[in-house]
Amino acid sequence: MCYKVLRKCLFMLPPEVAHTVALKALKIIPLFSKKQTAGMPVEVMGISFPNCLGLAAGLDKNAEYVDALSALGFGFVEVGTVTPKPQNGNPKPRLFRLPEKNAIINRMGFNGCGLDVFIDNLKKIQSDVIVGVNIGKNLTTPIEKALDDYLTCLVRVYPYAHYITVNLSSPNTPGLRELQHGHYLDNLLQGLKAKQAELDLEYNQYVPLVVKVSPDLTEKEVSEIAEILLENKIDGLIVGNTSLSRVGVTELAYGAEAGGLSGQPILPQATQVQSYFVNALGGAIPIIGLGGIMSGEDAQAKLEAGAKLVQVYTGFVYQGPELIADILAGTAQHNTVQ
Ligand SMILES: Cc1cc2nc3c(=O)[nH]c(=O)nc-3n(C[C@H](O)[C@H](O)[C@H](O)COP(=O)(O)O)c2cc1C
């Protein structure tokens, strides 16, 4: 009820301003800082998650709000995407609400503070929440040199992350999605896994590597990608990022804006691609289900379709902390040690 009132005010502001105001408010409004404790622990990738629900990457791009977000009850918070150097992202406006369909279109383009400030922010985190760090490449780095950017990020964030997500699927960095395929993917993952092994020895701490893919993949593409993920012994998979589809939104005011679509309209497609991966991977790599979750029932359906954990972004923007309570209540019985 409270969030509904707040949302009305926030939605009167331009989307990007509302985003910043809401995150800053999280830090100071005690109502939102009340620790939620529902949910059942679950073990995935060797990590003990207090519950199966995480916040997806992109909301806290610079790792500034982890303590406040963790206080809301998320079992894990994924921060980033961080790129080696700071960058502005695309010109504004670049974020559009489609409230009729509980959806968002964004073309932010990895706006962020870069690794130096990001690491300082990670060092300031006080809560013991599980933190995933989502890494990417700078816009000006050619696709052929992408591995350099990912390695730079991996090395710097490694000591501060519980897991690290290799984002290969944002539609707003030209060419990035090519890294999901064939020799690009294989080279990238080989390089990252070799560095992970070195860092494991250096820190005496194994930090799992997770790959985040698009929900726009065909079944054939999924089987090819799955083979490469298995060969490279990737630790986890997130399905998926925003979509280039415009299913159900073409008639809406901002439905034709360029960028990635997220929220309710992408739920069936994202869960379908998740199912392709469940079949192709045969349980060998745990999957984090993401895309279109707007209720506890939706989250439950992702888990029943084979995800071990779930994440939300757009649903949280539309429904606020009530969505967390709804999901944690609905998924409490489902979780078992994996
Ligand atoms: C405004 C916005 C910014 C995002 N930025 C990132 C990002 O930096 N890195 C990333 O991996 N995903 C990013 N995402 C994608 C989300 O993490 C998620 O994959 C996608 O929104 C689908 O989930 P949802 O339907 O629950 O929103 C962003 C999404 C939105 C709406």
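Computed from a predicted structure; not experimentally measured.

Criteria and cut-off values
Residues numbered from 1 in each chain as written. Predicted model: local features only at pLDDT ≥ 70, side-chain atom pairs only at ≥ 80, totals over all residues. Heavy atoms only, no water. Phe/Tyr/Trp six-rings, centres within 6.5 Å; stacked < 30°, edge-to-face > 60°. Helix = DSSP H or I, 4+ residues; strand = E, 2+ residues; numbered from the N terminus. Buried < 20%, exposed > 50% of the residue type's maximum accessible area, 1.4 Å probe, protein only. Lys NZ or Arg CZ within 6 Å of the ring centre and 35° of its normal. 1 Å grid on protein atoms, 1.4 Å probe; cavity = no way out; pocket = protein on both sides within 12 Å on 5 of 7 lines; lining within 4 Å. Points joined across faces, edges and corners; volume = space filled by probe spheres on them.

Enquirer: How should I be thinking about the packing of aromatic side chains in this particular structure?
Expert: Evaluated as defined, the whole model comprises six aromatic pairs. Here the aromatic rings of Phe74 and Phe316 are separated by 5.3 Å at their centres, their planes lie at 75°, and the arrangement is edge-to-face. Note that Phe74 is positioned in the loop between helix H4 (66-71) and strand S4 (76-82) and Phe316 in helix H11 (residues 314-319), a separation of 242 residues in sequence. For the pair Phe74 and Phe316, one class covers both residues: buried. Ring plane angle 35° and centroid distance 5.3 Å describe the contact between Phe96 and Tyr254, whose orientation is recorded as tilted. Taken together, the residues span a long stretch of sequence, with Phe96 in strand S5 (residues 95-98) and Tyr254 in the loop between strand S10 (236-239) and strand S11 (260-263) at a distance of 158 residues. Tyr254 sits in the partly exposed class, given a relative accessible area of 39%. Sitting above the plane of the Phe11 ring, Arg97 keeps its charged end 4.3 Å from the centroid.

Enquirer: Please clarify how empty space enclosed by the protein should be interpreted in this entry.
Expert: Scanning the entire structure with this criterion turns up one cavity of 30 Å³ or more. Volume-wise, the largest cavity comes out at about 30 Å³. Lys61, Asn62, Thr81, Val82, Thr83, Phe110, Gly112, Cys113, Gly114 and Phe118 are the residues that line the largest cavity. Mapped onto the lining of the largest cavity, the elements with two or more residues apiece are S4 and helix H5 (114-123).

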